[in-house]
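Structural overview
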Amino acid sequence: MDNSGKKTRIVKEIKVDTKKCVGCRACEIACSAFHAIPKYSSVNTARSRIMVVMDEVRDIFVPIRAGDYTQAECNGRNVYVVDGKEYDECTFCPASCPSRDAFKEPDSGLPLKCDMCESVPPLEKPMCVDACTFGALTYEEREEVVVEAEPQKRGEMEIGLKSLIKKYGLKKVKDTIDRVSKE
Ligand code: SF4
Ligand code: SF4
Ligand code: SF4
């Protein structure tokens, strides 16, 4: 809660300054060691939830943190042009996607996602940030007011759900919501 009594949450952010990144990959090493089982028992950057995309000829290093798992390749993609060079459409994508090996646990193939190094007790800052001695990664926390769903939108949601339940039955709708929320 903030001073006015509004519900708040802590938003964690890692700021990436690509100009300061030198491609040392210490962030990948630290992340993979932290997520080894048991913790720090091994280093395998294929297990890292951060990947440094490198173009050494052009001196471009872009650390990307793993985002959500996607079941299928997307149809609408972004093509980036950096300093006049065009990069493949998947180059800077954070998704664990069937189209490539990035962000997949090497043994099981399970998707990897950055969890901001959640642990008990909490770390002062995420491992990748701590390992980055070049200042390319910086960590910030800020408090944000939680925006509740507007009553009108809630109403629209209820109408939508009711019509789905009418069409498919409550069990099927519940099963689908359960399945989708786990993806
Ligand atoms: S540790 Fe920092 S400088 Fe090194 S590759 Fe990672 S982000 Fe770049
Ligand atoms: S890697 Fe990313 S951009 Fe490429 S197909 Fe998958 S989701 Fe789309
Ligand atoms: S925040 Fe933690 S889990 Fe996420 S990429 Fe950095 S070290 Fe890995």
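Anything mentioned here points back to the structure above.
Residues numbered from 1 in each chain as written. Chains lettered and ligands numbered in written order. Predicted model: local features only at pLDDT ≥ 70, side-chain atom pairs only at ≥ 80, totals over all residues. Heavy atoms only, no water.

On to the site of ligand 2. Close to ligand 2 lie Thr-70, Glu-73, Cys-74, Arg-77, Cys-90, Cys-93, Ala-95, Cys-97, Ser-99 and Arg-100, which account for all nearby residues. Using a 2 Å cut-off from the grid points, one finds that ligand 2 occupies the second largest pocket. Here the shell around ligand 2 is built from residues that sort into five nonpolar, two polar and three charged. (Near = heavy atom within 4 Å. 1 Å grid on protein atoms, 1.4 Å probe; cavity = no way out; pocket = protein on both sides within 12 Å on 5 of 7 lines; lining within 4 Å. Sits in = over half its atoms within 2 Å of the grid points. Nonpolar A, V, L, I, M, F, W, Y, C, P; charged D, E, K, R; others polar.)

Taken as a whole, the largest pocket encloses approximately 300 Å³ of empty space. Every residue along the wall of the largest pocket is listed here: Thr-18, Lys-19, Cys-21, Arg-58, Asp-59, Ile-60, Phe-61, Val-62, Tyr-80, Val-82, Asp-83 and Phe-92. Sorting the residues of the lining of the largest pocket by element identifies β3 (60-65) and β4 (80-82) as the ones contributing at least two each. At three residues, the largest contribution of residues to the lining of the largest pocket is made by β3. (Points joined across faces, edges and corners; volume = space filled by probe spheres on them. Helix = DSSP H or I, 4+ residues; strand = E, 2+ residues; numbered from the N terminus.)

Another aspect to go through is the packing of aromatic side chains. Under the criterion given, the structure shown has three aromatic pairs. Ring plane angle 65° and centroid distance 6.0 Å describe the contact between Phe-34 and Tyr-40, whose orientation is recorded as edge-to-face. Sitting over the face of the ring of Phe-34, Lys-39 holds its NZ or CZ atom 4.6 Å from the ring centroid. (Phe/Tyr/Trp six-rings, centres within 6.5 Å; stacked < 30°, edge-to-face > 60°. Lys NZ or Arg CZ within 6 Å of the ring centre and 35° of its normal.)

For the rest of this paragraph, the subject is a nonpolar patch on the surface. A grouping of Leu-161, Leu-164, Ile-165, Tyr-168, Leu-170 and Ile-177 is seen on the molecular surface, where their side chains present a nonpolar patch of about 530 Å² in accessible area. Only α3 (151-168) and α4 (170-182) provide two or more residues apiece to the nonpolar patch. With four residues, the single largest contributor to the nonpolar patch is α3. (Patch = residues over 30% accessible without salt bridge, like charges linked within 9 Å, V, L, I, M, F, W, Y side chains within 5 Å. Areas by Shrake-Rupley, 256 points an atom, 1.4 Å probe, with all protein chains shown as cover. Salt bridge = Lys/Arg side-chain N within 4 Å of Asp/Glu carboxyl O.)

This paragraph deals with helix α1 (residues 26-34). Taking burial as the measure, the nine residues of α1 include seven buried ones, the bulk of the element. By the burial criterion, the buried members of α1 are Cys-27, Glu-28, Ala-30, Cys-31, Ser-32, Ala-33 and Phe-34. On the buried face of α1, the contacting elements are β2 (50-55), α2 (127-131) and β6 (137-145). (Buried < 20%, exposed > 50% of the residue type's maximum accessible area, 1.4 Å probe, protein only. Contact = heavy atoms within 4.5 Å.)

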